[in-house]
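Topology and contacts: notes
Chain by chain, the residues:
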Amino acid sequence: MNRYLPLVLIAFGILAFATLMLVIAPGIQMAQRSVPEGLRPYSEQESRGREQYVSLGCVYCHSQQPRSPDQAPDVERGWGRPSVAGDYVFDQPHQLGTMRTGPDLLNVGVRLPSESWHLTHLYQPRAIFGWSIMPAYPYLFEEKPEAGPEDTVVVLPEGFGPDSGVVVARQEALDLTAYLLALDRTYPVPEDALRDDGYARKESGS
Amino acid sequence: MPITMGLLLALSFVVSLLALSFLIWAIATKQFALDRAHAATVFGKGGADGPDTDGTHLFDTTGIDRVSARPVRLLILGAIFWLVLGSTFGVIASLKLHWPDWLNQAAPLTFGRMRALHLNLVAYGWLSQIGIACMFWILPRIFRTPLRAPNLPVIGFWIWNIGITLGALAFAQGWTDGEEWLEFPWQLDMLLVLAGVFFVVPLVKTARAREVDHIYVTGWYFLAAMVWFPCLFFIANLPGIHYGIEEATVNWWFAHNVLGLWLTPLGVGTAYYFIPKIIGKPIYSYSLSLIGFWGLALFYSQVGIHHLIGGPVPTWVVTLSVVHSVMMFIPVIAVAINQHVTVARNLWALKESLPLRFISFGAVMYTLASFQGSIEALRSVNTITHFTHYTVGHAHLGAYAFVSIVMFGAAYHIMPRMMGRDFAHPGLIRLHFWLVVVGFAIYFFALTIGGLLQGLAMLDATRSFAESVILTKPWLEARSVGGTMMTLGHILFAINVIGILRKPRAVAQSAVAAE
């Protein structure tokens, strides 16, 4: 350990090897799989909503990767079937997440299909769930004395709205809601779908 | 295809085993020929020159430190600035989890932005910068030659800090790359890459001009980290080539290697230098440090996909990362034996040196964080802890209790030797130590217990999801208390460091004259 070059060359080689194993090899493997037939690209509005989702940091509390019934009761909670690599081909940046301070959202559009519900929930989560610790997003909305013909009014229970006038959704809130409603991976998965089967029980045959 | 993947998996094991056998052979046949004389490189030319405890060795007799002093001083100041700001954002994010309607008037204040600002500022502003400061202080010393091109790191300092400032402002406004640990827009990240060139070039030049044949163990970690981090950071930030799940594997390959191949070498390397230096005796077993280093390189580099256990990635790559996570026991035990035995045989030094208290505490936390990480990667454990606050507790055991606390000690050791005078308020150093240690204990146990309860609740189909949220609230409140104590400690740290820098010049000169 007295030479500079051998030290850094071997160090670099080890990192290159790790990159091959963790990034390149699985990347090649996943690129060979077909895109699931039921998956469609995001619409323009949904993409804008996705940008809101990303920039507001929803990923720090919400995962988008339901687990297999062999591991956890995600299906029973209504979060959807176990997700596979092909479910995410249109996702850039990926929003898989590492926390479930809030529930998994990969299929929230199916579980909670009401636009009105989402607008209320985004404006003030505690108007729906008293126990919720999700931030409110009042800046995605505006207060008006009365709603115009184009406005989407937010339905609020007593005590959560302004003293007078109405709360209407800004475009950002409508886009974000459109993205949430588009989150739907309930289509059947292709036979060659890839996911971590490490929890599969023996009797299930995989 | 599965066969090909199986082959790759087998190849990984074979390569790892080959490397390990090579290492054992190399040690057995003395290819590396590491002995106590090499371990003593850490001391000056005359061998062990006695303990380097508080109030001693305040005068630079070799002419090395005074060249490194300018970049090191700037880097320490920059690091502390981001530490105070970054930990304040951390406390705000923590409070928001139990006061969700507090400070909610604008998008930059929302939890998602505060949390990511906290992470990026402490990871790149504080930890990376203080680690680079340690590189500039320690490497010329162990190479026994003054830093070459000492103006380059000053330029690098400004580019780095401008990059962090712009990155933070952009992120606060909602301009983000959208992946954990990679939030800053890649266009601004390229500023950090450029700054990296200004840091690496002078250090490599210094390494090549060294006046000692042997590269001390700290040098292995630092020189390798200087190759690893730029490669990682550049590849992960390259736009347009990553998408979907492939991007997720890049994300966690990168994010865990930031810890394993960047922050950990900085922390371990720093501890490997200061522990024997302060005590005045070489480390316990110098040959063992080889296993610690190469084991870290081989195993740590492949653990990242344990962040995607149970997710939409191929099973084999998850298993590969789980196996490597467990293999980390080997290098960690090697480092633990070396560092802890050296301290345990010289407990007197903890009384004589406040910095050593921080550094050896941090070194113990490295052992614990790594053990915890290895166990947490097991599928049976991970199924409970994944997606919960437990993981956040673990991350802070590694990045805070280990790396940050080692760096506090390093700064407290470097500053008096750089300025030629002691800290005016050693009492504040003691208070800083106890605030961060007690604060961290509260922080860690709250999130660990709360996270386990949360994970168990989420796995139980008979309990509603709401239950898993409600039961964490008291633990999240406790975390805010611990986090606030840690942040108060950082403010004391900042006060002390600014104090020693601002002392009038006249006093400094009389101290030199007295020497």
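Since this is a predicted model, take the numbers as computed values, not measurements.

**Thoughts on the overall build of chain A**
A tally of helices and strands in chain A yields five helices and two strands. The linear arrangement of helices and strands in chain A, starting from the amino end, is α-α-α-α-β-β-α. A compact globule built from 206 residues would reach a C-alpha radius of gyration of about 17 Å, whereas chain A, at 22 Å, exceeds it by more than 25%. Projected onto the principal axes, the alpha-carbon positions of chain A cover approximately 75 × 50 × 35 Å. Within chain A, the proportion of its 206 residues that are buried is 45%. Nonlocal contacts in chain A, meaning residues at least 24 apart in sequence, comprise 73% of its contacts between residues at least 6 apart.

**Some words on the overall build of chain B**
Per the secondary structure count, chain B includes 19 helices and zero strands. Taking 515 residues into account, the globule formula puts the C-alpha radius of gyration at 24 Å, and chain B, at 23 Å, falls close to it. Viewed in the frame of its principal axes, chain B has a C-alpha envelope of about 75 × 60 × 45 Å. Burial statistics for chain B: of 515 residues in total, 57% are counted as buried. Of all intrachain contacts in chain B linking residues separated by at least 6 positions in sequence, the fraction that spans at least 24 positions is 85%.

**Describing the environment of G427 of chain B**
For G427 of chain B, the position within the fold is in helix α16 (residues 426–459). Spatially, the C-alpha atoms of G427 of chain B and L103 of chain B are 35 Å apart, while their sequence positions differ by 324 residues.

**Observations regarding the interface of chain B and chain A**
Counting residues at the interface gives 78 residues for chain B and 64 residues for chain A. With ten residues, helix α8 (residues 244–279) of chain B is the single largest residue contributor to the side of chain B that touches chain A. Each residue belonging to the side of chain B that touches chain A can be placed in one class, and the counts come to 44 nonpolar, 22 polar and twelve charged.

**Section: the nonpolar core**
A133, A225, W228, I275 and V406 of chain B are the most contacted members of the largest nonpolar core, which has 212 residues in total. Mapped onto the domain boundaries, this core takes at least three residues apiece from domain 1 (1–33) and domain 2 (42–189) of chain A. Other than its neighbours up to four places away in sequence, V406 of chain B contacts G267, T270, A271, F358, I359, G362 and A363 of chain B.

**A few points about the domain arrangement of chain A**
Partitioning chain A into structural domains gives domain 1 (1–33) and domain 2 (42–189). Computed from C-alpha coordinates alone, the two centres of domain 1 of chain A and domain 2 of chain A are separated by 39 Å.

**Focus on helix α1 (residues 4–31) of chain A**
All names here are of chain A. Its 28 residues give α1 an end-to-end C-alpha distance of 39 Å, which sits within 8% of 40 Å, the value for a rise of 1.5 Å per residue. Of all the bends in α1, the largest measures some 40 degrees and sits at L20. Residues of α1 that are buried: A11, I14, L15, A18, T19, M21, L22, V23, A25, P26, Q29 and M30.

**Remarks on helix α5 (residues 171–182) of chain A**
Residue and element names in this part refer to chain A. The end-to-end C-alpha distance of α5 is 16 Å, a good match for the 16 Å that twelve residues give at a rise of 1.5 Å each. The complete set of buried residues in α5 reads E172, A173, D175, L176, T177, A178, Y179 and L180. Looking at the buried residues of α5, the elements they touch are α2 (44–55), α3 (108–111), α4 (115–123), β1 (141–144) and β2 (166–169).

**Points about the confidence of the model for chain B**
Residues and elements named next belong to chain B. With 95% of its residues at a pLDDT of at least 70, chain B reaches an overall mean of 93. Segment residues 507–515: pLDDT under 50, and ten contacts once partners within four positions in sequence are set aside and those in other chains are kept. The ipTM assigned to the predicted complex is 0.95, against a pTM of 0.94.

**Overview of unusual backbone geometry**
The peptide bond linking Q92 of chain A to P93 of chain A adopts the cis configuration, its omega dihedral lying at -5 degrees. Positioned with a positive phi, A149 of chain B is a non-glycine residue whose angle comes to about 45 degrees. Phi is positive for W181 of chain B, which is not a glycine, with a value near 75 degrees. Counting through the fold element by element, W181 of chain B comes out in the loop between α5 (152–172) and α6 (186–208).

**Considering the environment of T218 of chain B**
All names here are of chain B. Structurally, the position occupied by T218 is in helix α7 (residues 217–237). Considering only alpha carbons, one finds T218 and F493, 275 residues apart in sequence, at a separation of 25 Å. Residues within four places of T218 in sequence aside, it is in contact with I138, I142, G269, Y272 and Y273.

**What about the environment of V122 of chain B?**
Residue and element names in this part refer to chain B. Position of V122 relative to the elements: it lies in helix α4 (residues 111–143). Its 24 C-beta neighbours within 10 Å are what place V122 among the buried residues. Along the backbone, V122 and E211 are 89 residues apart, and their C-alpha atoms lie at a distance of 35 Å. Those residues in contact with V122, other than ones at most four positions away along the chain, are W82, L83, G86, S87 and L127.

**Quick notes on the packing of α4 of chain B against α6 of chain B**
Axis angle and axis distance: for two packed helices, these are the angle between their axes and the distance between the axes, and together they describe the pair. Residues and elements named next belong to chain B. Contact geometry of α4 with α6 gives a least axis separation of 9 Å together with a crossing angle of 15 degrees. Considering the angle they form, α4 stands roughly parallel to α6. As for the relative orientation of α4 and α6, their crossing is left-handed in sense. Contacts from Y124, I132, M135, L139, P140 and F143 of α4 reach α6 at L192, F199, L203, T206 and A207. Looking at the contact of α4 with α6 residue by residue, the class counts come to ten nonpolar, one polar and no charged.

**As for the packing of helix α9 (residues 288–300) of chain B against helix α11 (residues 329–344) of chain B**
Residue and element names in this part refer to chain B. Between α9 and α11, whose axes approach to 7 Å, the crossing angle comes to 150 degrees. On the basis of their axis angle, the class for α9 and α11 is roughly antiparallel. Seen along the crossing, α9 lies across α11 with a hand that is left-handed. Packed against α9, whose contacting residues are L288, S289, I291, G292, G295, L296 and F299, the element α11 presents I330, P331, A334, V335, I337 and N338 at the interface. In terms of residue class, the contact of α9 with α11 is made up of nine nonpolar, four polar and no charged.

The rules behind each value
- Residues numbered from 1 in each chain as written.
- Chains lettered and ligands numbered in written order.
- Predicted model: local features only at pLDDT ≥ 70, side-chain atom pairs only at ≥ 80, totals over all residues.
- Helix = DSSP H or I, 4+ residues; strand = E, 2+ residues; numbered from the N terminus.
- Rg over C-alpha atoms; globule rule 2.2 N^0.38 Å.
- Buried ≥ 20, exposed ≤ 12 C-beta atoms within 10 Å, placed from the backbone.
- Contact = placed C-beta atoms within 7 Å.
- Nonpolar A, V, L, I, M, F, W, Y, C, P; charged D, E, K, R; others polar.
- Core = buried A, V, L, I, M, F, W, Y, C linked by C-beta atoms within 7 Å.
- Domains from an automatic or database assignment.
- Expected span 1.5 Å × (residues − 1).
- Bend = angle between axes of the 7 residues up to and from the residue.
- pLDDT = per-residue confidence, 0-100.
- Axes fitted to C-alpha atoms, helices over the stretch in contact; angles between N-to-C directions.
- Parallel < 35°, antiparallel > 145°, perpendicular 65-115°, else oblique.
- Left-handed = near helix turned anticlockwise from the far one by under 90°.

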